[in-house]
Amino acid sequence: MKKYDYLIVGSGLFGATFAYRAKQQGKRCLVIEKRPHLGGNIYCENIEGINVHKYGAHIFHTNNKVVWDFVNSIVEFNRYTNTPVANYKGKLYNLPFNMNTFYQMWGVTTPQEAEQKINEQKAEAIAALNGREPANLEEQALTLVGKDIFETLIKEYTEKQWGRSCKELPAFIIKRLPVRLVFDNNYFNDCYQGIPIGGYNKLIDGLLEGVECKTDTDFFNSEYREWEKYAEKLVYTGAIDEYFDYKLGHLDWRTVSFATRIEDTPNYQGNAVVNYTSHNEPYTRVIEHKHFEMFGQEVYNTPKTVISEEYSTEYKEGMEPYYPVNDERNNKLAKEYLNLAYKENNVIFGGRLAQYQYFDMAPVIERVLQIQNI
Ligand code: FAD
Ligand code: UDP
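Keep in mind the model is a prediction, meaning the values are calculated, not measured. Every chain begins its residue count from 1, and numbering advances along the sequence as written. To label them, take the chains in the order written and letter them from A, then take the ligands in the order written and number them from 1. Local features in a predicted model are, by the rule used here, given only for residues with pLDDT of at least 70; side-chain atom pairs are given and counted only at 80 or more, and totals for whole chains, interfaces and linings are based on all residues.

Draft legend 1. Layout of the pairing of strand 1 (residues 4–9). Counting buried residues along strand 1, 5 of its 6 residues qualify, which places the element largely inside the surrounding structure. Here the rule is simple: two strands pair whenever DSSP picks up at least two bridges between them. Segments assigned H or I by DSSP are reported as helices when at least four residues long, segments assigned E as strands when at least two residues long, and all are numbered from the N terminus. Looking at chain direction, strand 1 and strand 10 (residues 231–236) are connected through 5 bridges and run parallel. When the sheet's bridge partners are listed, I8 is paired in strand 10 with V235. Examined bridge by bridge, strand 1 and strand 2 (residues 29–32) share 4 bridges and lie parallel to one another. By the bridge assignment, Y6 is partnered in strand 2 with C29. Once C-beta atoms are placed from the backbone, each residue is buried if 20 or more other C-beta atoms lie within 10 Å of its own, exposed if 12 or fewer, and partly exposed for counts between those two.

Draft legend 2. Examining the site of ligand 2 more closely. As used in this record, a residue near a molecule or strand is one whose C-beta atom, placed from the backbone, is within 6 Å of it. Surveying the vicinity of ligand 2 reveals 13 residues, the closest of which are A86, I154, Y157, T158 and N275. The element contributing the most residues to the shell around ligand 2 is helix 6 (residues 147–162), with 5 residues. Three categories are distinguished: nonpolar for Ala, Val, Leu, Ile, Met, Phe, Trp, Tyr, Cys and Pro, charged for Asp, Glu, Lys and Arg, and polar for the others, with Gly belonging to the last. Classifying every residue of the shell around ligand 2 by side-chain character gives 8 nonpolar, 4 polar and 1 charged.

Draft legend 3. Region of interest: the environment of R180. Residue placement: R180 occurs in the loop between helix 7 (172–175) and strand 8 (192–194). Once the C-alpha coordinates of R180 and F97 are considered, the two residues, 83 residues apart in sequence, prove to be 6.2 Å apart. What counts as a contact is two residues whose backbone-derived C-beta atoms lie within 7 Å of each other. R180 has contacts with P96, F97 and N98, leaving out every residue within four places of it along the chain.

Draft legend 4. Representation of the domain arrangement of the protein chain within the structure. An automatic or database domain assignment is the source of the domain bounds shown. What the domain assignment lists for the protein chain is domain 1 (4–79 + 192–250 + 324–370) and domain 2 (96–175). Computed over C-alpha atoms, the centres of domain 1 and domain 2 are 36 Å apart.

Draft legend 5. Region of the structure containing the pairing of strand 12 (residues 273–276). Residues V273 and N275 line one face of strand 12 and the alternating positions V274 and Y276 line the opposite face, and both faces are buried. Pairing of strand 6 (residues 85–88) with strand 12, which is carried by 3 bridges, proceeds in the parallel orientation. Within strand 12, the residue paired with A86 across the bridge is N275.

Draft legend 6. Fine view of the environment of V52. Residue position: V52 is located in strand 4 (residues 50–53). Judged by C-beta crowding, with 22 C-beta atoms within 10 Å, V52 ranks as buried. Once the C-alpha coordinates of V52 and V108 are considered, the two residues, 56 residues apart in sequence, prove to be 38 Å apart. When near neighbours in sequence (up to four residues on either side) are disregarded, V52 contacts C44, E45, I47, T260, H289 and V306.

Encoded structure:
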């Protein structure tokens, strides 16, 4: 009999949730993780008593009650609701686009006035389409919210984030931003939203409790390359092109770099997320981490604060791969790798790196919960 039922490569949400379920079934698992810590991209580092989202701000949101109940069975979640503010050349606007934004933009106070204004604003763009579907992000945004909002809150932010013009980007990127004729700054439409009380590490620790884990262990540098000697099955959550030794070519990624610093004030920007939507600032967003978990007086009970400026960056080897680049070349290449993956015996490929897809946290958990016969 082999020592393990599963060798799990990667301790992010996919690997950790899989390990949790396997352990519940009495399976023996070993999780290996190349980073010096567990948790993948949801890992937080405690600085000045504040949980700092080291790999980018993470807000859990879902409509799926099964997933929500599952994560809350591991750790209770708080009531954090994401309400980002946009700063365009010093003027503030609420996001997502809602009655507060329309009031700040045009001074309109009723849904009827706002609707009329939006219709005026988008009329030109709709006429220019002449009945066809929006072909790129710029056309999509102009026909969704019109010129003023596009120019103030979308154009330059998107150019910073994606490093290319809105005309070169696919329309679908912007479709997911809600447009609301109510005074509601909640960024997400989902029923359930929050942050684990005590931070995301509690979620990871809870999932991996009682599971054998090794950090600083790269699958490709360790004896586990001959994993079949040790384990019946492999769960692989690393990059799919790396698994196949890049034999069909490298997949592209977009990455983000973070400039994190401590500020000697209890409350730096009054909100967890402030988007900078003009080219005046080189960063896209500033995150003030304490506001994810501290509310009211708690903010002032911790005398300092930690902020991170986010810079969207072109990916080079050695950087953290964050967002898949879903253009034609990469989609095609990913499909070819996924076809190879289907043919691998006894290997489960899962998560954002192995499937080359942007997944929020909840869909990753949902997928693991749906796997039969673990
Ligand atoms: P990961 O968390 O990346 O885990 C994969 C793990 O495998 C990593 O720890 C990696 O080190 C390890 N690994 C890779 N290769 C090897 C190897 N060869 N050997 C050993 N270990 C290896 N989702 C939300 O729901 N809300 C948000 O607000 C949100 N914000 C985000 C912000 C950013 C900047 C990014 C990039 C993502 C965000 N997400 C958010 C998505 C979220 O991060 C993912 O859903 C989640 O991390 C997916 O988990 P995973 O296990 O697939 O991948
Ligand atoms: N976006 C924008 N202005 C903002 C926030 C978002 O133009 O203030 C655009 C941008 O193109 C981004 C897209 O909306 O890529 C989707 O935003 P979301 O916050 O969902 O993006 P994420 O950073 O989570 O990918």
